[in-house]
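Listed below are the residues making up each chain.
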Amino acid sequence: MTSKEIIMGLCLLSLVLSMILMVIIRYISRVLVWILTILVILGSLGGTGVLWWLYAKERMSASAVETQIAKENLQALLIYAISATVFTVILLLIMLIMRKRVALTIALFHVAGKVFIHLPLLVFQPFWTFFVLILFWTYWTTVLLFLGTTGNPVPNEEGFVEFRMAGPLKYMWWYHVVGLIWISEFILACQQMTVAGAVVTYYFTREKRNLPFTPILASVNRLVCYHLGTVAKGSFIITLVKIPRMILMYIHTQLKGKENACARCMLKACICCLWCLEKCLTYLNQNAYTATAINSTNFCTSAKDAFVILVENALRVAAINTVGDFMLFLGKVLIVCSTGLAGIMLLNYQRDYTTWVLPLIIVCLFAFLVAHCFLSIYEMVVDVLFLCFAIDTKYNDGSPGREFYMDKVLMEFVENSRKSMREAGRGGGAEGRELKPMPVLLMMCLLGRHCMSE
């Protein structure tokens, strides 16, 4: 089996594992948290153990034959084994710290699992979005090639012909680049609005038997008929922040090694601030789309309502995002570790361990990308459910005529998280001060979740 066949097979394995994980989330969400925890521990320990076993085996065989290749193989295996050990120790420490909050995610995963049972087409949203992006990128590349041959042909000094543009055509490049970023963000925002509309329909339908036959298509229809302007405005705001950051990154790359320390520090600080602003606006936009799906208001009104709701429920957002997103991150780690372990066992037959690093890195990156695409839909559903719950509790109190729409399991989850945080706040004054529901806490939580997802 060649290295190319091994890489293709491992990439297909990561896709299959991601689909299987989505099926598991749908049907056994109550025990999924503990299954993921145990499997990640076993996978990380197993991968580390296999690497140390291969190192010991190679060391015994290398003692008999002293060659340069054998020494390089032995050193490469030692580096891999040490890196896997450090990763496993860090992962176990994080899971040890988070163990008290793991039980709080079970109820929320259960409700999200119900959504996927009633809306199975949500699983295929990454495929449709990726397909549309591929079509757009193909069109964009074709137009780019046409722009490259637009203008007056002029022979250069080397005897070749150059096309030099004059007049307004010179600025078409900027227009084309801005269009690439804006339309790409617009397509991703359409996916968020579609998912939000379908989940909102599920949440605010008391009798689930009365759901539309295809809530996803109904959500797409509402998007096309009423909410394209909202999505366009939200994606344009992200574009306005992303373009300056990309320009600063380009300037930083061009001036690398030429600028002084002060200028380098200022450039990096500006890039970091713009990155933080972009991530916060992305999360706010996603919740604004949910508010639009609920109230059918314009983008600015929906963004304001969503921000107020998030600030009022900052502690709940922190609890759900930290624990829930960490468990989804563990799911991504499980897929990457399983694919990487399979790659180690298959590449073991190559016998040349110094060639492992590139194909293994390619496979693991692809596995993480696939897992992220699938589990990001699950993460999106969780966020939409929480905002629906927050709005439900704000305008309803359970009295006759103002009955709750929420699932009882979701209510129990939030109440347990509030109880846990109150107990943590009574444990110490400093900790209690850190748990105040301030916008700063909310922004720190949002930046933390994006760092974990990326």
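Residues numbered from 1 in each chain as written. Predicted model: local features only at pLDDT ≥ 70, side-chain atom pairs only at ≥ 80, totals over all residues. Heavy atoms only, no water.

- The protein chain goes by Choline transporter-like protein in an unreviewed UniProt entry, where it is assigned to Pavo cristatus.
- Turning to the protein chain, the UniProt annotation filed under Function (unreviewed entry) states: "Choline transporter."
- As its UniProt record puts it under Sequence similarities (unreviewed entry), the protein chain is described as follows: "Belongs to the CTL (choline transporter-like) family." (UniProt positions renumbered as here; feature names shortened; annotations may be inferred.)

Overview of the overall build of the protein chain
Right, on to step 1. For the protein chain, the count of helices and strands is 15 helices and two strands.
Right, on to step 2. Pairs at least 24 residues apart make up 79% of the contacts formed inside the protein chain by residues separated by at least 6 positions. (Helix = DSSP H or I, 4+ residues; strand = E, 2+ residues; numbered from the N terminus. Contact = heavy atoms within 4.5 Å.)

What to know about the nonpolar core
Right, on to step 1. Counting residues in each nonpolar core, the largest one holds 57 residues, and the members touching the most others are Val-115, Phe-116, Leu-122, Val-199, Tyr-378, Val-381 and Leu-385.
Right, on to step 2. When residues of this core are traced back to their parent elements, those giving at least two are helix H1 (3-27), helix H3 (68-97), helix H5 (104-118), helix H7 (172-203), helix H10 (299-312), helix H11 (314-347) and helix H12 (357-395).
Right, on to step 3. Tallying contributions element by element places H12 first for this core, with 18 residues.
Right, on to step 4. Other than its neighbours up to four places away in sequence, Tyr-378 contacts Ile-25, Phe-109, Ala-112, Gly-113, Phe-116 and Leu-328.
Right, on to step 5. One finds Leu-54, Leu-74, Ala-81 and Leu-347 within the second-largest nonpolar core, a separate group that totals 16 residues. (Core = buried A, V, L, I, M, F, W, Y, C linked by side-chain atoms within 4.5 Å. Buried < 20%, exposed > 50% of the residue type's maximum accessible area, 1.4 Å probe, protein only.)

Points about the pairing of strand E1 (residues 152-155)
Right, on to step 1. Here E1 pairs with strand E2 (residues 161-164) via four bridges, running antiparallel. Bridging across to E2, Pro-153 finds its partner in Phe-163.
Right, on to step 2. Hairpin connection between E1 and E2: a loop of five residues separates the two successive antiparallel strands, and Gly-159 in this loop has a positive phi of roughly 95°. (Pairing = 2+ DSSP bridges.)

Points about the UniProt feature "transmembrane region" (unreviewed entry) in the protein chain
Right, on to step 1. Residues annotated by UniProt as "transmembrane region" (unreviewed entry) correspond here to residues 6-25, 32-55, 75-98, 119-140, 173-204, 326-347 and 353-375.
Right, on to step 2. The distance from the first to the last C-alpha atom of residues 173-204 is 46 Å, and the span holds 97% helix and 0% strand.
Right, on to step 3. Along residues 326-347 the backbone is 100% helical and 0% strand, and the end-to-end C-alpha distance reaches 31 Å.

A short note on the packing of aromatic side chains
Right, on to step 1. A complete count under the given rule lists eight aromatic pairs for this structure.
Right, on to step 2. Ring geometry for Phe-127 and Phe-374: centres 5.5 Å apart, planes at 75°, overall edge-to-face. Of the two residues, Phe-127 is situated in helix H6 (residues 125-148) and Phe-374 in helix H12; the sequence distance between them amounts to 247 residues.
Right, on to step 3. The exposure class assigned to Phe-374 is buried, which follows from its relative accessible area of 4%.
Right, on to step 4. Taking the centre distance of 4.9 Å and the plane angle of 70° together, the rings of Tyr-203 and Phe-204 count as edge-to-face.
Right, on to step 5. Every member of this aromatic cluster is reached through a ring pair, and the members are Phe-124, Phe-127 and Phe-374. (Phe/Tyr/Trp six-rings, centres within 6.5 Å; stacked < 30°, edge-to-face > 60°.)

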